[in-house]
Amino acid sequence: MSTPALNILLVEDQASMRQALAIQLRKQGHRVIEAEDGQQALSLFWSEHPDLILMDVVLPKEDGYWTAQQIRLLEGSDWTPIIFLSSRDTELDLQKGIEAGGDDYLFKPTSPVVLSAKLHALTRLQRMRMQLIETSEALREANERLSHLSMLDELTQLGNRRSFDEKLHLSVKNCARDQQPLSLFLCDVDLFKAYNDRHGHIQGDACLKEIGQVFRSVCQRPQDHAARYGGEEFALILPNTPRSGAMTFARALQNMLARLSLSHPDSPFGCVTLSGGITTIVPDATTNAQQLVMRADQALYNAKAKGRNCYFSFEMQMDTYEQLQSVHGR
Ligand SMILES: [Mg+2]
């Protein structure tokens, strides 16, 4: 039975007892840090980071229980094993020792065999605890990776539909709270079925990948979110963004795509283009994500009806309609 060499903080006010114990421990190959009272023990605990503490119960001024409690407070979620030392005649209040944060106790004078066995047992416990912490940490990281992957569209590396739903819901809540405009921008690749029919699905996927890259490059602000909404549909969630800002995003997308000039012989434009629908509102408590999607969808439908390769704002169309009504009403 061998215990690895430990850094042991020995807290004992009687010099002769302390020396005898220190000799025992050093013989067993451990390094010993000596403290005469509780305060000294605390400052050495802080500076030396011992692996284990041997703590006399009866100390001048603050006793061992108090000192153990302070150590437990200091180390937070860490755990340094504490063994209380007690004389056989001053019967150790075990319950009190455990409540104060102790893990075991020893009677003085200590037997080298018993001392070595207890050090070994506690070291083993501590090792198991460390393994448990490492395993939990590895699990937490794996979960984080999984959750990230479950939000990602594999082809375009944009957010997937699930992440879109979550982000939109969250953005509605945040913008309602801050009374800020929220813009949603839904896009559709024009005549994509014809593109796939002519070039095949492999080329179709490559095209979607390129468009995904364009979305990623315009989506630079940390709160913005680009997602692949469906097959050839993309979405931009733009919190704290008025209609004019959303229009700027739309133009940037259109320009970048035009510069890419992905050939599309079956399109009247000769290259791959997007149609888009934008909705912008300052949400309130009654707003939900579905309403926003319906509005953007309606605007997208209008952009398609107007001949594609253009963007339409749901609210601007409404504004125009209301203006017309008031003109005719006069
Ligand atoms: Mg004492």
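Some points on the nonpolar core
Item 1. If you look at the biggest cluster of nonpolar residues, it comprises 28 residues, and the most contacted ones within it are Phe185, Val189, Ile211, Phe215, Phe234, Leu236 and Leu253.
Item 2. Those elements giving two or more residues to this core turn out to be strand S6 (182–189), helix H7 (192–199), helix H8 (201–218), strand S8 (233–239), helix H9 (243–260) and strand S9 (274–281).
Item 3. Ignoring any residue separated from it by four or fewer positions in sequence, one finds Val189 in contact with Leu208, Ile211, Glu232, Phe234, Val272, Thr273, Leu274 and Lys304.
Item 4. Membership of the second largest hydrophobic core comes to 18 residues, among which are Val11, Leu59, Ala68 and Ile82.

Looking at the domain arrangement of the protein chain
Item 1. Split by domain assignment, the protein chain resolves into domain 1 (7–140) and domain 2 (161–329).
Item 2. Here the C-alpha centre of domain 2 lies 64 Å away from the C-alpha centre of domain 1.

So, the coordination of the magnesium ion
Item 1. Bound to the magnesium ion on the protein side are Asp13 (OD), Asp56 (OD) and Val58 (O), at distances that span 2.0 to 2.3 Å.
Item 2. The motif formed by the donor residues of the magnesium ion, counted along the single chain, is D-x42-D-x1-V.

A look at unusual backbone geometry
Backbone phi values are negative for most residues with the exception of glycine, while trans is the configuration of most peptide bonds.
Item 1. A cis amide bond, omega -5 degrees, links Lys108 with the succeeding residue Pro109.
Item 2. Relative to the helices and strands, Pro109 is located in the loop between strand S5 (104–108) and helix H5 (112–149).
Item 3. Notably, Gln157 is not glycine yet its phi reads approximately 60 degrees, a positive angle.
Item 4. Here Gln157 is to be found in the loop between H5 and helix H6 (161–178).

Describing the pairing of S6
Item 1. For S6, the tally of buried residues reaches 8 of 8 residues, placing the bulk of the element in the interior.
Item 2. Alternating residues of S6 divide into Leu182, Leu184, Leu186 and Asp188 and Ser183, Phe185, Cys187 and Val189, and every residue in both groups is buried.
Item 3. Strand direction decides the pairing type here: S6 and S9, joined by 8 bridges, are antiparallel. Paired with Leu184 across the strands is Thr279, a residue of S9.

Some words on the packing of aromatic side chains
Item 1. Enumeration over the complete set of coordinates arrives at 6 aromatic pairs.
Item 2. Measuring from centroid to centroid gives 5.3 Å for Phe185 and Tyr311, while their planes differ by 50 degrees, and the two rings are tilted. Taken together, the positions of Phe185 in strand S6 and Tyr311 in strand S10 (residues 311–313) put the pair 126 residues apart, joining distant regions of the chain.
Item 3. Residue Tyr311 is classed as buried on the basis of its relative accessible area of 14%.
Item 4. Ring geometry for Phe215 and Phe234: centres 5.0 Å apart, planes at 15 degrees, overall stacked. Separated by 19 residues along the polypeptide, Phe215 in helix H8 and Phe234 in strand S8 bring together distant segments of the chain.
Item 5. The exposure class of Phe234 is buried, given its relative accessible area of 0%.

Observations concerning the packing of helix H2 (residues 38–48) against helix H3 (residues 64–75)
Item 1. At a minimum axis distance of 10 Å, the contact between H2 and H3 shows a crossing angle of 25 degrees. In this view, H2 runs roughly parallel relative to H3, as classed from their interaxial angle. The chirality of how H2 crosses H3 is right-handed. Residue-level contacts link Gly38, Gln39, Ala41, Leu42, Phe45 and Trp46 of H2 to Trp66, Thr67, Gln70, Ile71, Leu74 and Glu75 of H3.
Item 2. Taken together, the residues of the contact of H2 with H3 sort by class into 7 nonpolar, 4 polar and 1 charged.

Topic: H2
Item 1. Residues of H2 that are buried include every one of Gly38, Ala41, Leu42, Leu44 and Phe45, and no others.
Item 2. Against the buried residues of H2 lie strand S1 (7–11), strand S2 (31–35), strand S3 (52–56) and H3.
Item 3. One side-chain oxygen of the residue at the start of H2 lies 3.2 Å from the amide nitrogen of Gln39, identifying that residue as Asp37.
Item 4. With its phi angle positive at about 45 degrees, His49 sits one or two positions after the end of H2.

Quick look at the sheet that holds S2
Item 1. With respect to topology, 5 strands assemble into an open sheet ordered S2-S1-S3-S4-S5, the strand pairing being parallel. Looking along the sheet, the strands with just one partner apiece sit at the ends: S2 and S5. Between one strand axis and the next, the sheet turns through 25 degrees on average, direction left out of account.
Item 2. Here S1 pairs with S2 via 5 bridges, running parallel.

The rules behind the values
Residues numbered from 1 in each chain as written. Predicted model: local features only at pLDDT ≥ 70, side-chain atom pairs only at ≥ 80, totals over all residues. Heavy atoms only, no water. Core = buried A, V, L, I, M, F, W, Y, C linked by side-chain atoms within 4.5 Å. Buried < 20%, exposed > 50% of the residue type's maximum accessible area, 1.4 Å probe, protein only. Helix = DSSP H or I, 4+ residues; strand = E, 2+ residues; numbered from the N terminus. Contact = heavy atoms within 4.5 Å. Domains from an automatic or database assignment. Donors = N, O, S within 2.8 Å, 3.2 Å for Na, K, Ca; no water. Pairing = 2+ DSSP bridges. Phe/Tyr/Trp six-rings, centres within 6.5 Å; stacked < 30°, edge-to-face > 60°. Axes fitted to C-alpha atoms, helices over the stretch in contact; angles between N-to-C directions. Parallel < 35°, antiparallel > 145°, perpendicular 65-115°, else oblique. Left-handed = near helix turned anticlockwise from the far one by under 90°. Nonpolar A, V, L, I, M, F, W, Y, C, P; charged D, E, K, R; others polar. Polar contact = N/O pair within 3.5 Å; in protein donor to acceptor, adjacent residues only side chain to side chain.

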